[in-house]
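# Topology and contacts: notes
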Amino acid sequence: MFNHRYITPDQLAGFDNYKYSAVDTNPLSVYVMQHLWNKVVKVVPLWIAPNLLTLSGFLIILVNYFLLCFFDWNYTASGVGHEHIPNWVWISAAVGNFLAYALDSIDGKHARRTQSSSPLGELFDHGLDSWAASVFPLSLFSIFGCDSGEAGLSTRTMYSVSCIVLFTFMLSHWEKYNTGVLFLPWAYDISQVSLTLVYILTAIVGVDAYHKPLFLNFYMTEILIALLTGCSLLIAFPQTLYNIYKAHQQKALLKTSLYEGLLPLISPTLLFTLLSVWVAFSPCGILSKQPRLVLWMVGVAFSNVTCRVIICQMSNTRSELFHWLLLPLLLLVGASVSGLLGIMEEIAFLVFTLFVTAAHVHYGVCVGRQLSQHFNIYAFSLKKRGGN
């Protein structure tokens, strides 16, 4: 069941020659958090595999998310007149978010500490990050909800914010695809610290505090969205273009043409275009009916597309032009917006969401098994295959 070989022989050969190269210029990370993580990692027992830390962090993120799902499935619990999410859930979210942040920050350090660094570990880390990137905002949305008047978020705003977050994540790996260097985004550390603090603040003051303007006539939701959009469009995107331009000036670009350089962006662009058409023209208003599932499916589909780009980037192989997932999505969107599905649209969407999620999990497990066999290692143990 999980023996399918997604990675090509050329990609496996590329992984054999892979060397990790990253640059971190974020002052919060360099001058504050890295010093903390250097101390924290010393507490981790040497027998624990780094990938266990990575997986544990991701599972904590999912537990937080599903806990919020239980109390606030339709993003209405924070609205006026609704039964609010208990304060202990926000405390749990804050603790869980910071623990996940810590585990994600020390897994690479622990790998170097145990001399077990491998391309599999990096791919596992970035692959789960690509999925977690969508889960973070989906959890944050429960603080404001979509039934809180001016203080809330419309479902379309939630969708737009999710797309911006995922677009920003993709930028760093598209940048590395062209330059060979991963310029760690400033937004990550800032967002994780901010998210933890917002959860703590919510536990203290309650969600009703956000129903009033925080500064002049601006609500907390408007301020957070402005910061998020500004960081993505005014900092991350220009910085990415500058780094690629600088590599071009230094004749250090890995791709020889504009087409080759832009290739990884084609499938994500088509994916977001098709999803946006569905959201905008759905006869049953699928986003309003199933906001949590729509946003979940967007994140999972994006993660699968991104993982394939990361594999091409790490193996220095050519990115695919069209992701296979785009074909069934195109057919489903066409059948939905044309009215062909009629009352079956919501059921078809639910089936597609389950299919995409299962396909992504299958992809991740198969790729992990394939690379662990190729490098003669275990994904979650420091023992070598063959008992050495």
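All figures in this text were calculated on a predicted structure; none of them were measured in a lab. (Residues numbered from 1 in each chain as written. Predicted model: local features only at pLDDT ≥ 70, side-chain atom pairs only at ≥ 80, totals over all residues. Heavy atoms only, no water.)

## Examining the nonpolar core
Worth spelling out the cut-off: For this analysis, a nonpolar core means a set of buried residues of the types Ala, Val, Leu, Ile, Met, Phe, Trp, Tyr and Cys, connected via side-chain atoms within 4.5 Å. When a residue's accessible area, from a 1.4 Å probe over protein chains only, is under 20% of the maximum for its type it is buried; when over 50% it is exposed; and in between it is partly exposed. By definition in these notes, contact holds between two residues if any of their heavy atoms fall within 4.5 Å.
W90, F141, I143, Y159, L271, W278 and L329 are the most contacted members of the largest nonpolar core, which totals 69 residues. Those residues in contact with Y159 that lie beyond four places of it in its chain are F272, L275, S276, V279, L287, L295 and V298. F15, I310, I311 and Y363 belong to the second largest nonpolar core, which has 14 residues in total.

## Here we look at the state of the cysteines
One way to say it: the disulfide is the covalent bond shared by the sulfur atoms of two cysteines. Our working rule: When two cysteine sulfur atoms lie within 2.5 Å, the pair is treated as a disulfide.
According to the stated counting rule, one finds zero disulfides in the structure shown. With no disulfide of its own, C69 lies 13 Å from the sulfur of C146, the closest cysteine sulfur. With no disulfide of its own, C307 lies 11 Å from the sulfur of C312, the closest cysteine sulfur. For C307, a relative accessible area of 8% translates into the label buried.

## Details of unusual backbone geometry
Stated formally: Helix numbers and strand numbers start at the N terminus; a helix is a DSSP run of H or I with at least 4 residues, a strand a run of E with at least 2.
One non-glycine residue, Y75, adopts positive backbone phi at about 60 degrees. On the secondary structure map, Y75 appears in the loop between helix 3 (50–71) and helix 4 (87–113). Since its relative accessible area comes to 0%, Y75 is described here as buried. In this model, K251 sits at a positive phi of 55 degrees, which is unusual for a non-glycine residue. With respect to the secondary-structure elements, K251 resides in the loop between helix 8 (220–249) and helix 9 (258–281).

## Points about the packing of aromatic side chains
By convention here, two paired aromatic rings are described through the distance between centres and the angle between planes. Operational definition: For this analysis, a ring pair means two rings from Phe, Tyr or Trp (six-membered ring only for Trp) whose centres lie within 6.5 Å, classed as stacked if their planes differ by under 30 degrees, edge-to-face if by over 60, and tilted for the remaining angles. We call a charge positioned over a ring when the NZ of a Lys or the CZ of an Arg lies within 6 Å of the ring centre and within 35 degrees of the ring normal.
Per the stated rule, a full pass over the model turns up 22 aromatic pairs. When the ring of F71 is compared with that of W88, the centres are 5.9 Å apart and the planes differ by 85 degrees; the resulting orientation is edge-to-face. Within this pair, whereas F71 is found in helix 3, its partner W88 is found in helix 4, the two being separated by 17 residues in sequence. Grouping aromatic residues by their ring pairs yields a cluster made of F58, Y65, F66, W131 and W296. Cation over ring: R292 sits above Y75, and NZ or CZ is 4.0 Å from the ring centre.

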